[in-house]
Amino acid sequence: MKTKLFDTVQLGALTFRNRVIMAPMCMYSAKEDGLVTDWHVTHYATRAMGGVGGVILEASAVTPDGRISAGDLGIWSDAHIEGLQRIADQVKVAGAKAGIQLAHAGRKSTTAEPPVAPSALPFDDTYTDPRALTLEEIATIKQQFIDAALRAERAGYDFIEIHGAHGYLLNTFLSPLSNVREDQYGGSIENRMRLLLEIIDGIQEVSKLSIWVRISAADHATGGMTATDYIPLAKELAARNIDLLDCSSGAVVANAVPEVYPGYQVSYAEELKREAGIATGAVGLITTAAHAEEIVRNGRADIVLLARELLRQPYWVYHAAAELGDTVALPKQYERAPIRTVR
């Protein structure tokens, strides 16, 4: 069977060899200064060799105080470029597109003293109380994202993903549960999405890099954001020619636990794709070949992003293609060992 999952896909100016993308996952393995280690190079290159269309590096902090943990990769300094380039080079040699997620942990940072947020509201009592950002500090963070994007471009990445999900800084600006500001960055959805859009505009002024955005399309809490509430943002992103909206959910407030089942977040990608006319990525307990194929074949999303399943099985793509009766090219070094599935 000729699948849609393993057909090429055009996202902006980039052509991906298939619609399976490795989602960003924190590995907590960087040196204390956020520098790449040999382990990172091996880890990411292995997933690219495994046949995915693209690899997105874990949340890489745009400032030292924006790390989730001391083990996070950094992209706040030119000193990070050499190591990040080693990863990008190996990912691309293996035939995948190289992406990197730019992030600021905000009130969830365990390295900042104190952490910062749009409003002085802690995530829960296990985190240090954050300090509300001043307008001058917001301008500085905006520039840190822009500078980080330029470093990613210098390091040879094909695209960047701006992390606006999971309760980190940009997500806390977007959600009314964590943003109670009364200035131009708080209140209406137009104000709450201002910082994210200003970062994107700033990057696009100086770089031609393909930009993706990850959001938490549902807060799973009363009074919080839903996918429908994100339609205005999705339309603004589409107007800016953002190449993909990566639709995750949750983690902006504590004790907001969704009902979890295979594909539980796919409807968010489907709704925002339909209502805003933007390419979307589906994520969340997508583990089987048949499920991934159904999502893209039925136009519910343009790509699927796999996370833990690629930790369990780096060669998921080859096994999934065989299971669906499709063929994908193996690295020439592996051609003597084709994967066959007994039907």
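About the criteria used
Residues numbered from 1 in each chain as written. Predicted model: local features only at pLDDT ≥ 70, side-chain atom pairs only at ≥ 80, totals over all residues. Heavy atoms only, no water. Pairing = 2+ DSSP bridges. Helix = DSSP H or I, 4+ residues; strand = E, 2+ residues; numbered from the N terminus. Axes fitted to C-alpha atoms, helices over the stretch in contact; angles between N-to-C directions. Core = buried A, V, L, I, M, F, W, Y, C linked by side-chain atoms within 4.5 Å. Buried < 20%, exposed > 50% of the residue type's maximum accessible area, 1.4 Å probe, protein only. Contact = heavy atoms within 4.5 Å. Lys, Arg positive; Asp, Glu negative; His and termini not counted. Salt bridge = Lys/Arg side-chain N within 4 Å of Asp/Glu carboxyl O. UniProt positions renumbered as here; feature names shortened; annotations may be inferred.

*Asks:* Give a description of the sheet that holds strand 8 (residues 159-164) that names residues and reports values.
*Replies:* Strand pairing in a sheet takes place through backbone hydrogen bonds and is either antiparallel or parallel in direction. Read once around its circumference, the closed barrel built from eight strands follows the order 3-4-5-8-9-10-11-12, with strand pairing classed as parallel. For this sheet, the mean inter-axis angle between neighbouring strands, taken without regard to orientation, is 30 degrees. Relative to strand 10 (residues 244-248), strand 9 (residues 210-216) runs parallel, the two sharing five bridges. Residue pairing for strand 10: W212 is matched across the bridge by L244.

*Asks:* Got a sec to walk through the nonpolar core? Specific residues and values, please.
*Replies:* If you look at the biggest cluster of nonpolar residues, it comprises 92 residues, and the most contacted ones within it are Y157 and W316. The residues contacting Y157, other than those within four sequence positions of it, are L57, L84, I87, A88, A98, G99, I100, A152 and L209. Grouped together as the second largest cluster of nonpolar side chains are 14 residues, V9, L11, I21 and A279 included.

*Asks:* Residue-level account of the side chain of D158, with values.
*Replies:* Structurally, the position occupied by D158 is in the loop between helix 3 (135-154) and strand 8. Despite being buried, D158 has no salt bridge partner; K92 is the closest side chain of opposite charge, sitting 4.2 Å away. Residue contacts for D158: discarding those within four places in its chain leaves L14, K92, K97, A98, L209 and S210.

*Asks:* I'd like a description of the UniProt feature "domain: NADH:flavin oxidoreductase/NADH oxidase N-terminal" (unreviewed entry) in the protein, backed by residues and values.
*Replies:* The UniProt entry lists residues 4-324 under the feature "domain: NADH:flavin oxidoreductase/NADH oxidase N-terminal" (unreviewed entry), expressed in the numbering used here. Secondary structure across residues 4-324 comprises 35% helix and 17% strand; the distance between its end C-alpha atoms is 11 Å.

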